[in-house]
2 protein chains.
Amino acid sequence: MHRTVIKSLPLFETMSDADLDGLLAQATPRRVAQGEAVFKQGETATSFFLLLSGRLKVTQVTGDGQQIIVRVVHPGELFGFAKALARPDYPGTAMAVTDSMTLAWPSCLWSDFIGRTPLLAARTMQTLGRQLDEAHTRIREMSTQESERRVAHAILRLSGKAGRQEEAGIQIGFPISRRDIAEMTGTTLHTVSRILSAWNTQGLVEVGRQKIIIRDIPGLARLAEGKPE
Amino acid sequence: MHRTVIKSLPLFETMSDADLDGLLAQATPRRVAQGEAVFKQGETATSFFLLLSGRLKVTQVTGDGQQIIVRVVHPGELFGFAKALARPDYPGTAMAVTDSMTLAWPSCLWSDFIGRTPLLAARTMQTLGRQLDEAHTRIREMSTQESERRVAHAILRLSGKAGRQEEAGIQIGFPISRRDIAEMTGTTLHTVSRILSAWNTQGLVEVGRQKIIIRDIPGLARLAEGKPE
DNA sequence: CGCATTATTGAAGGAGTTCAACCTTGGTGG
DNA sequence: CCACCAAGGTTGAACTCCTTCAATAATGCG
């Protein structure tokens, strides 16, 4: 039933129809409503997942209650593969920011999953590598850049991954709050609010409740690069 | 010649002697003097490496010349496996902080390398996962903690990986400057200097030129956890 | 319609950066 | 062998970006 969707994903493109069917036979589809969690930080990792549609955010909470957004999961991406890290539990909480569809496999099938096609293992490693690269980018930005540039970078990244062309500009294709952006950039919702308000006045973006439309991508990019206006 | 050393690494423990010999036959050993680079950021990734002895730091430079330390490589760890990310170039510079020994394989052997033993692929993925986890920890710390706690965490982590028991306490087993710590924690060498001086006065550590001896691990741990003294 | 969630904005305060000057240490070469 | 110098380290003072605290407004869901 999801065959055609999955078949079109780069992750599975080299897999034969028979193998794919075998894989799908063991998967459980699940609908996740907005605001609902697929799994919670610290829970035993019983499954790993593929996001078919919608959007998730993966968060971590620190001992003293502070929260950060570790990753945004886009359709076609694997998530919750704690077994790859040889971890018994999920390191974060995966929550739907829009109504989403996931496919779940039991964790014990992980080695089977990546053993099936050598390419699948390689692809997964590449995904991991890309995430690592992104994490290092965030670290670099947090170390060296002021918050306005970090927010600009974050929004540009989101627009690339989840941008929808509208008349007014490119809109981030899922609800996103000031707090979310703050948790992605290592600042406070107050600072984000001030920055977005300023950009709104300058005509760079158009903001609303849980909504951001980018009107001037090059302008934002210039800000992100730290160039003078 | 390095057989016994390598054989004892967890990475290769399940490999047969014959396979190991095959692998070693294709590897090139190389001595790297302190301060010398194994590879530089942006260079074409012609090889991937294993650190036999010594210690490396992997750094990245931003467009505007700011530098951060992405990772410290300890003996027995793989590094420079850009091919796993399907990257053509090295994302950072690997520099020896002590005289080191490395083993290099041509990049084209990477798929052969991880294909040889399924376990090797799994292990590499776990390594990648651990690095990702560590990166997220750094992001979390940089988002939520003041610099003193971050420095405490960084030093505790180093002492765990490279600590040497001395009479005065546990010494970090390689030369490390204030600047290095600043580049690992996202602050300035000035701030690190002030923090270490204060700790020195309090008897938590004993500092010297490129040298740190930890005298009170529990005390540092308490600081790292943000507990009141 | 009411209330919770999200967002805005002002004011005050502080942690850390930046700038700057000076001190230490160890290695090198005259 | 010791004088010098570069690299590493310390420390003060000013400043600033961002957080924190606080109060108010807008939005949309039940």
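About the cut-offs
- Residues numbered from 1 in each chain as written.
- Chains lettered and ligands numbered in written order.
- Predicted model: local features only at pLDDT ≥ 70, side-chain atom pairs only at ≥ 80, totals over all residues.
- Heavy atoms only, no water.
- UniProt positions renumbered as here; feature names shortened; annotations may be inferred.
- Helix = DSSP H or I, 4+ residues; strand = E, 2+ residues; numbered from the N terminus.
- Contact = heavy atoms within 4.5 Å.
- Buried area = accessible area lost by both parts, 1.4 Å probe.
- Salt bridge = Lys/Arg side-chain N within 4 Å of Asp/Glu carboxyl O.
- Near = heavy atom within 4 Å.
- Polar contact = N/O pair within 3.5 Å; in protein donor to acceptor, adjacent residues only side chain to side chain.
- Pairing = 2+ DSSP bridges.
- Axes fitted to C-alpha atoms, helices over the stretch in contact; angles between N-to-C directions.
- Buried < 20%, exposed > 50% of the residue type's maximum accessible area, 1.4 Å probe, protein only.
- Arc of directions from axis to C-beta.

The name that an unreviewed UniProt entry assigns to chain A is Crp/Fnr family transcriptional regulator, with the source organism given as Hyphomicrobium nitrativorans NL23.

Draft legend 1. Layout of the UniProt feature "domain: HTH crp-type" (unreviewed entry) in chain A. Cross-referencing UniProt, the feature "domain: HTH crp-type" (unreviewed entry) maps to residues 145–218 of chain A in the present numbering. End-to-end, the C-alpha atoms of residues 145–218 of chain A are 19 Å apart, and along that stretch the chain is 54% helix and 19% strand.

Draft legend 2. Structural context of the interface of chain B and chain A. Counting from both sides, the interface comprises 34 residues of chain B and, opposite them, 34 residues of chain A. Between chain B and chain A, the buried area comes to about 3100 Å², and carbon and sulfur atoms account for 71% of it. At the boundary of chain B with chain A, the tally comes to 2 salt bridges. Of the charged contacts in the structure, one is a salt bridge between A:Arg87 and B:Asp133, with a shortest N-O distance of 3.3 Å.

Draft legend 3. The arrangement of the protein's contact with DNA strand D in detail. Close to DNA strand D lie 17 residues; A:Ser147, A:Thr187, A:Thr191, B:Ser193 and B:Gln210 are nearest. Looking at DNA strand D alone, sugar and phosphate atoms form 60% of those within 4 Å of the protein. In the model, a phosphate oxygen of DNA strand D is placed 2.7 Å from a nitrogen or oxygen of the A:Thr187 side chain. A:Arg194 has a polar side-chain atom sitting 3.1 Å from a base oxygen of DNA strand D. Listed by contribution, the elements that provide at least two residues to the surface near DNA strand D are helix H7 (189–202) of chain A together with helix H7 (189–202) of chain B. Top element by residues in the surface near DNA strand D is H7(B). It accounts for 4 residues.

Draft legend 4. The sheet that holds strand S9 (residues 205–208) of chain B, seen in detail. Residues and elements named next belong to chain B. Taking strand neighbours across the sheet as the criterion, the 4 strands line up as S7-S8-S10-S9 in an open arrangement whose pairing is antiparallel. Only two strands of the sheet have a single neighbouring strand rather than two, namely strand S7 (163–165) and S9. On average, each strand axis in the sheet is inclined to that of its neighbour by 25 degrees, with strand direction left out of account. As defined by bridge partners, S9 adjoins strand S10 (residues 211–214) across 4 bridges and the pair is classed as antiparallel. Within the sheet, the bridge partner assigned to Val-207 lies in S10 and is Ile-212.

Draft legend 5. Representation of helix H8 (residues 217–224) of chain B in the model. Residue and element names in this part refer to chain B. For H8, every residue scored as buried is listed here: Gly-219, Leu-220, Leu-223 and Ala-224. In an axial view of H8, the angular spread of the buried residues amounts to 140 degrees, which keeps them on one side of the axis. Buried residues belonging to H8 abut helix H5 (147–162), H7 and S10. Near the N-terminus of H8, the side chain that reaches the backbone nitrogen of Gly-219, with its oxygen 2.9 Å away, is that of Asp-216. One or two steps after H8, the chain reaches Gly-226, where phi turns positive at roughly 80 degrees.

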